Amino acid sequence: MLKRSIVLACLFLPTLAAADNTKYFGYFGGDYASSNPASPGSDSFAEIKDHINLYAINFWSGDTSPSGKTASENYILGELAKARAAHIHAIVPAYPFVFQGTGTGCRSMDTDAARSWASFAEKMIDQGYFIPDDPVRSTVVATYLVDEPNGDGCLDDINDAIHPALQNAINAIRHFAPTGTLPMASVLTTDFKNFKRGIEAINWVGFDDYGASDSSWRDNMNRLKNYAPGKKFIVVPGAMQGCAGVAVDPVARFQNEFDNDPDVIWMAPFLWRSESQTCIGVRDVPQLRATYTQIGLSTKTAQCDVSNDAKRFCHGTDISPIVNYVLSDDALSP
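Below is a short write-up of the structure. (Residues numbered from 1 in each chain as written. Predicted model: local features only at pLDDT ≥ 70, side-chain atom pairs only at ≥ 80, totals over all residues. Heavy atoms only, no water.)

## Examining helix H8 (residues 214–227)
Over its 14 residues, H8 extends 20 Å from the first C-alpha to the last, a length consistent with the 20 Å expected when each residue adds 1.5 Å. Taken together, the buried positions of H8 are occupied by Trp217, Asn220, Met221 and Leu224. For H8, the buried positions fall inside an angular range of 100° around the axis, keeping them on one side. Of the surrounding elements, those touching the buried residues of H8 are strand E5 (184–188), helix H7 (196–201), strand E6 (204–207), strand E7 (232–235), helix H9 (251–260) and strand E8 (264–267). (Helix = DSSP H or I, 4+ residues; strand = E, 2+ residues; numbered from the N terminus. Expected span 1.5 Å × (residues − 1). Buried < 20%, exposed > 50% of the residue type's maximum accessible area, 1.4 Å probe, protein only. Arc of directions from axis to C-beta. Contact = heavy atoms within 4.5 Å.)

## A closer look at unusual backbone geometry
One non-glycine residue, Asn159, lies in the positive phi region at around 50°. Here Asn159 shows up in the loop between strand E4 (140–144) and helix H6 (164–174). One non-glycine residue, Asp160, lies in the positive phi region at around 60°. Within the secondary structure layout, Asp160 lies in the loop between E4 and H6.

## Thoughts on the packing of H8 against H9
Helix packing for two helices is described by the angle between their axes and how far apart those axes are. Remark: H8 packs on H9, axes separated minimally by 11 Å, with the N-to-C direction vectors making an angle of 30°. Taken together, the axes of H8 and H9 are roughly parallel relative to one another. Considering how the two elements wind past one another, H8 and H9 form a crossing that is right-handed. From H8, Asp214, Trp217, Arg218, Met221 and Lys225 reach across to H9, where they touch Arg253, Phe254 and Glu257. (Axes fitted to C-alpha atoms, helices over the stretch in contact; angles between N-to-C directions. Parallel < 35°, antiparallel > 145°, perpendicular 65-115°, else oblique. Left-handed = near helix turned anticlockwise from the far one by under 90°.)

## A few points about the state of the cysteines
Enumeration over the complete set of coordinates arrives at three disulfides. Between the sulfur atoms of Cys243 and its disulfide mate Cys279 the distance is 2.0 Å. Across the disulfide from Cys243 to Cys279, rotation about the S-S bond amounts to roughly 110°, and the bridge is consequently right-handed. A residue pair is termed long-range when its members are at least 10 positions apart, and Cys243 in the loop between E7 and H9 and Cys279 in the loop between E8 and helix H10 (286–304) qualify at 36 residues. (Disulfide = S-S within 2.5 Å.)

## Quick look at the pattern of salt bridges
Enumeration over the complete set of coordinates arrives at 18 salt bridges. Of the charged contacts, one joins Arg273 and Glu275 as a salt bridge, the two residues approaching to 2.4 Å between their closest N and O atoms. Through salt bridges with shared partners, one network takes in Lys69, Asp110, Asp112 and Arg115. (Salt bridge = Lys/Arg side-chain N within 4 Å of Asp/Glu carboxyl O.)

## Details of the sheet that holds strand E3 (residues 89–93)
One open sheet holds the eight strands; their spatial order is E1-E8-E7-E6-E5-E4-E3-E2, and the pairing between them is parallel. Of all the strands in the sheet, just strand E1 (24–25) and strand E2 (54–56) have a single pairing partner and so form its edges. Sheet topology note: the E7/E8 ladder contains three bridges and is parallel. Counted as the bridge partner of Phe233 is Val264 from E8. On top of the sheet, H9 reaches E1, E7 and E8; it is set at about 140° to E8, its chief contact. (Pairing = 2+ DSSP bridges.)

## Looking at the pairing of E6
As a general feature of sheets, a regular strand has side chains that alternate between the two faces. Side chains Trp204 and Gly206 project from E6 onto one buried face, and the interleaved Val205 and Phe207 project onto a second face that is buried too. Here four bridges tie E5 to E6, and the two strands are oriented parallel to one another. Note that in E6 the partner of Val187 across the bridge is Gly206. Handedness of the crossover joining E5 and E6 through H7: right-handed. In this sheet, E7 lies alongside E6 in parallel orientation, the contact comprising four bridges. Looking across to E7, one finds that Trp204 is bridged to Lys232. A crossover connection joins E6 to the parallel E7 through H8; in handedness this β-α-β unit is right-handed. (Right-handed = clockwise from strand over helix to strand, strands pointing away.)

See the structure below:
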């Protein structure tokens, strides 16, 4: 029995150092439906799954009623089924469960946050999508807390303390033991100074500043790093052509940061989908599509080669015959 236990322990021993070396590539809003699909009914995931290693599930109806939360649970679990079947990690949204507020307005205190988050997280665990403290083998590797929490002042610090609604949301995630160490992510605006305490509480932080010059973007990146020492960072290149409020930012700027700063964990181009025939995303800009596809493939290959566990996750290696053999009496025969 001792020999059998040792073999099983070796088979399932997590590769603890692997997560520290992992980088992710995946479009922000990877689940947004394309308004300009290649064929009717196609979705973004089907088009990007070959070259991403992080599926960013960001869609939300804006309904925070009990029935709305149930609908959000069911939707996200369905998207996680796609990710797991494709052997791709995912980041899931927290905001449908831990805030009140519509999709376009301020986020506010949700007194039901702890219960609704625990309900959702338990389902992720029960259905095998989330393995606590094991990002190498878990489909879910992080949660997206809330988008641009400093963009409208609704969640800014109050009297040099984290906003109560934000703290309540974070507590719901942190106080549920299985998600106590799950990384929380957020992309901010560049108004960092009124969100210092909020930044301190978030694990992966980035900002969007579409159309900024190289020097302006670099200044903002340096400011964010000063506000957030020891954090992991998200870089968000604008990647839409002919659209108001978004530009096609220089890819090299973000790729250099992604490749050379070990603390940059996620490159999240915005956006894959096209909004219309004239406002188009990566999918319909051939050179941009080719560039990001290559970056994604390289990132995915590197992540899959980090460890044996990572290889098994990426390629879906079925080790159950080995386990069955170890558990059999034949394994103990001389």
